[in-house]
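Overview (structure and organization)
In case you want the letters, here they are:
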Amino acid sequence: MSKALGTFALVTVLSALLMALSLAVAKHGYPQGAFVVKRLDGIADAGSFLAIAAIYSFSALLMLILPIRAAGVVLTHAADAIFWATIVLFAAIVGSLLARWALGQREVPWTLLNWRFLFVPAIVGAHLAMNELRRNILLRSLFFVIFAAATLACLFWSFSV
């Protein structure tokens, strides 16, 4: 958990510095600054976590039903990577929004109140609880159904606002 928090903090600071530098360059009229701001804003979409949550839910579903060796392969090659990608993507979004807020755009933090950002703590929580879910047969059966429903919901439900 501390490694995840450290990664989140570092990526947040780095993306905030990049956004602040890009906004300063754009403010002086250089087109490169506006280009970088546009690129950093391109990742700041809460909807991107829908696909990530679907993939993670499917890999978690597989980890619950596969034998231990195969589940370990899914964990190390899919679920861990998705977990870290989620942390890095969310930290980049938070850092960009913090830089905009620090440079005077006071309405920007309200962007984080989008309900689609709830997929981030869901992925992180599921990843941190996976060992307990594999040990307990009742929890394994219950979360098999939950992860199957989450996978299908993230893939096929429109989630329109």
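Conventions used here
Along every chain, residues carry numbers that run from 1 in the direction the sequence is written. It should be noted that, the model being predicted, local features are given only for residues of pLDDT at least 70 and side-chain atom pairs only at 80 or more, the latter also being counted only at that level, while totals for whole chains, interfaces and linings use all residues. Only hydrogens and water are set aside; all other atoms, that is, all heavy atoms of the structure, feed into the side-chain values. Helix and strand definitions here come from DSSP, where helices need a minimum of 4 consecutive H or I residues and strands a minimum of 2 consecutive E residues; each element is numbered from the N-terminal end. In this scheme, a residue with accessible area under 20% of its type's maximum is buried, one over 50% is exposed, and one in between is partly exposed, where area comes from a 1.4 Å probe on protein chains only. Contacts are assigned to residue pairs with any non-hydrogen atoms lying within 4.5 Å of each other. Charge convention: Lys and Arg are scored as positive, Asp and Glu as negative, and His as well as the terminal groups of each chain are ignored. Lys charges are placed at NZ, Arg charges at CZ, Asp charges at CG and Glu charges at CD. Only one rule defines a salt bridge in this text: a Lys or Arg side-chain nitrogen within 4 Å of an Asp or Glu carboxyl oxygen. Note on aromatic contacts: the rings of Phe and Tyr and the six-membered ring of Trp form a pair at centre separations within 6.5 Å, being stacked when their planes are under 30 degrees apart, edge-to-face when over 60 apart, and tilted otherwise. Only when the NZ of Lys or the CZ of Arg is both within 6 Å of the ring centre and within 35 degrees of the ring normal is a charge said to sit over the ring. Note on scores: pLDDT gives the predictor's confidence for each residue, bounded by 0 and 100. Grouping buried Ala, Val, Leu, Ile, Met, Phe, Trp, Tyr and Cys residues that are joined through side-chain atoms within 4.5 Å yields what is termed a nonpolar core. Expected span, for any helix, means 1.5 Å times one less than how many residues it has. A residue's bend is the angle separating two fitted axes: one through the seven residues that end there, the other through the seven that start there.

As a further point, take the overall build of the protein chain. In terms of regular secondary structure, the protein chain is built from 6 helices and 0 strands. Ordering the α and β elements of the protein chain from the N terminus gives α-α-α-α-α-α. Each of the three principal axes of the protein chain carries a C-alpha extent, and together these read 60 × 35 × 20 Å. Of all 161 residues assigned to the protein chain, the portion counted as buried reaches 36%. Residue pairs at least 24 apart in sequence account for 74% of intrachain contacts in the protein chain once pairs closer than 6 positions are excluded. If you average the places of the 11 positive and of the 5 negative side-chain charges in the protein chain, the two averages end up 5 Å apart.

What follows is about the pattern of salt bridges. Under the defined criterion, the tally for this structure stands at 2 salt bridges. Here Asp 41 ties to Arg 100 by a salt bridge, and the two come within 2.5 Å at their closest N and O atoms. With Asp 41 in helix α2 (residues 31-42) and Arg 100 in helix α4 (residues 68-102), this pair connects stretches of sequence that are 59 residues apart. A relative accessible area of 32% places Asp 41 in the partly exposed class. Under the relative-accessibility criterion, Arg 100 is labelled buried at 12%.

What follows covers the packing of aromatic side chains. Under the criterion given, the structure shown has 7 aromatic pairs. An angle of 70° between the planes, with centres 5.0 Å apart, marks the rings of Phe 83 and Trp 84 as edge-to-face. The exposure class assigned to Trp 84 is partly exposed, which follows from its relative accessible area of 26%. Members of the aromatic cluster, joined through ring pairs, are Phe 8, Phe 49, Phe 90 and Phe 117. In this structure, Arg 106 is placed above the aromatic ring of Trp 101, and the distance from its NZ or CZ to the ring centre is 5.2 Å.

Once that is clear, we can look at the environment of Thr 151. Tracing the backbone through its elements, the reader meets Thr 151 in helix α6 (residues 137-156). Given the relative accessible area of 8%, Thr 151 is considered buried. The spatial distance from the C-alpha of Thr 151 to the C-alpha of Thr 12 is 28 Å, given a sequence separation of 139 residues. Setting aside its immediate chain neighbours within four residues, Thr 151 contacts Ala 54, Ser 57 and Phe 58.

Turning our attention to the confidence of the model for the protein chain. Scored by pLDDT, the protein chain has a mean of 89; 98% of the residues are at 70 or more. Per-element mean pLDDT across the protein chain ranges from 84 in α2 up to 93 in α4.

Before going further, it helps to examine the nonpolar core. Phe 49, Tyr 56, Met 63, Met 130 and Phe 147 are the most contacted members of the largest nonpolar core, which totals 30 residues. The biggest single contributor to this core is helix α3 (residues 48-65), with 10 residues. Not counting the four nearest positions on each side in its chain, Met 130 is found in contact with Tyr 56, Ala 60, Met 63, Leu 64 and Phe 147. Counting residues in hydrophobic clusters, the runner-up holds 6 residues, among them Ala 16, Met 19, Val 37 and Leu 40.

The end-to-end C-alpha separation of α4 is 48 Å, in line with the 51 Å expected for 35 residues at 1.5 Å each. At Leu 75, α4 shows its maximal kink, close to 40°. Following α4 by one or two positions, Gly 104 adopts a phi angle in the positive range, close to 110°.

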